[in-house]
Amino acid sequence: MAIDEDLNDRLRRFLGGRSGLSEKKMMGGLCFLLNGHMIGGADRTKDGERRFIFRVGKDNHDKARALPGAVPMVQGGRTMSGLFFVREDEAPDSVLQTWLDLAVENALSLPPK
């Protein structure tokens with residue numbers, strides 16, 4: 001996986017100068033954190049697929065599965081509850097905003113780190 005700067009710039013624009021926002025290289029890409037909790041990021045797979053990742057939390061898993069482009073993250077054959085990939089071509093601005101709203105809501109529900 002590789003960092004996709006164009007997608008990360010798109011996320012930055014949507015997140016603006018939100019208080020408590022930080023960036024960290026992790027999970028093969030660049031992730032955005034709010035008060036120390038991951039909300040999302042972007043990368044490019046070895047095959048060149050451009051995608052976002054969102055951490056919406058376990059409580060929002062079913063809600064997120066119904067959103068456009070939702071692909072639950074699977075690691076070692078196990079579905080990671082509350083983590084989703086969304087291909088860039090399935091995330092027009094309105095869909096991206098919906099994913100970010102859900103991820104930010106989850107991060108704000110947790111105590112700051």
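Residues numbered from 1 in each chain as written. Predicted model: local features only at pLDDT ≥ 70, side-chain atom pairs only at ≥ 80, totals over all residues. Heavy atoms only, no water.

Enquirer: Could you clarify how one ought to interpret the nonpolar core in this entry?
Expert: Soluble globular proteins: nonpolar side chains tend toward being buried together. Residues Leu-11, Ile-39, Phe-52, Phe-54, Val-56 and Trp-99 are the most contacted members of the largest nonpolar core, which totals 24 residues. For this core, the secondary structure elements donating two or more residues are helix H1 (5-15), strand E2 (29-34), strand E3 (37-44), strand E4 (50-55), strand E6 (78-87) and helix H3 (93-108). In contact with Ile-39, other than residues within four places in its own chain, are Leu-15, Leu-21, Phe-32, Leu-33, Leu-34, Ile-53, Phe-54, Arg-55, Ala-103, Val-104 and Ala-107. Counting 7 residues, the second-largest nonpolar core is a separate cluster that includes Cys-31, Met-38, Met-73 and Met-80. (Core = buried A, V, L, I, M, F, W, Y, C linked by side-chain atoms within 4.5 Å. Buried < 20%, exposed > 50% of the residue type's maximum accessible area, 1.4 Å probe, protein only. Helix = DSSP H or I, 4+ residues; strand = E, 2+ residues; numbered from the N terminus. Contact = heavy atoms within 4.5 Å.)

Enquirer: I keep staring at the side chain of Asn-8 and nothing clicks. Help me out?
Expert: Looking at the secondary structure, you find Asn-8 in helix H1. Sequence-distant contacts of Asn-8, that is, excluding residues within four places in its chain, are made with Ile-3, Leu-30, Phe-32, Gly-41 and Ala-42.

Enquirer: Can you help me understand the sheet that holds E4 in this one?
Expert: Sheet strands line up and pair through hydrogen bonds in the backbone, either parallel or antiparallel. The strand order across the open sheet formed by 6 strands is E1-E2-E3-E4-E6-E5, and the pairing between neighbours is antiparallel. The sheet is open, and its two edges are formed by strand E1 (21-26) and strand E5 (71-75), each paired on a single side. Taking the axes of each pair of neighbouring strands and ignoring which way they run, one obtains an average angle of 30° across the sheet. As paired strands, E4 and E6 are joined by 5 bridges and run antiparallel to one another. From the neighbouring strand, Ile-53 faces E6, where its bridge partner is Phe-85. The strands touched by H3 are E2, E3, E4 and E6; relative to E4, the strand with the most contacts, the crossing angle is about 30°. (Pairing = 2+ DSSP bridges. Axes fitted to C-alpha atoms, helices over the stretch in contact; angles between N-to-C directions.)

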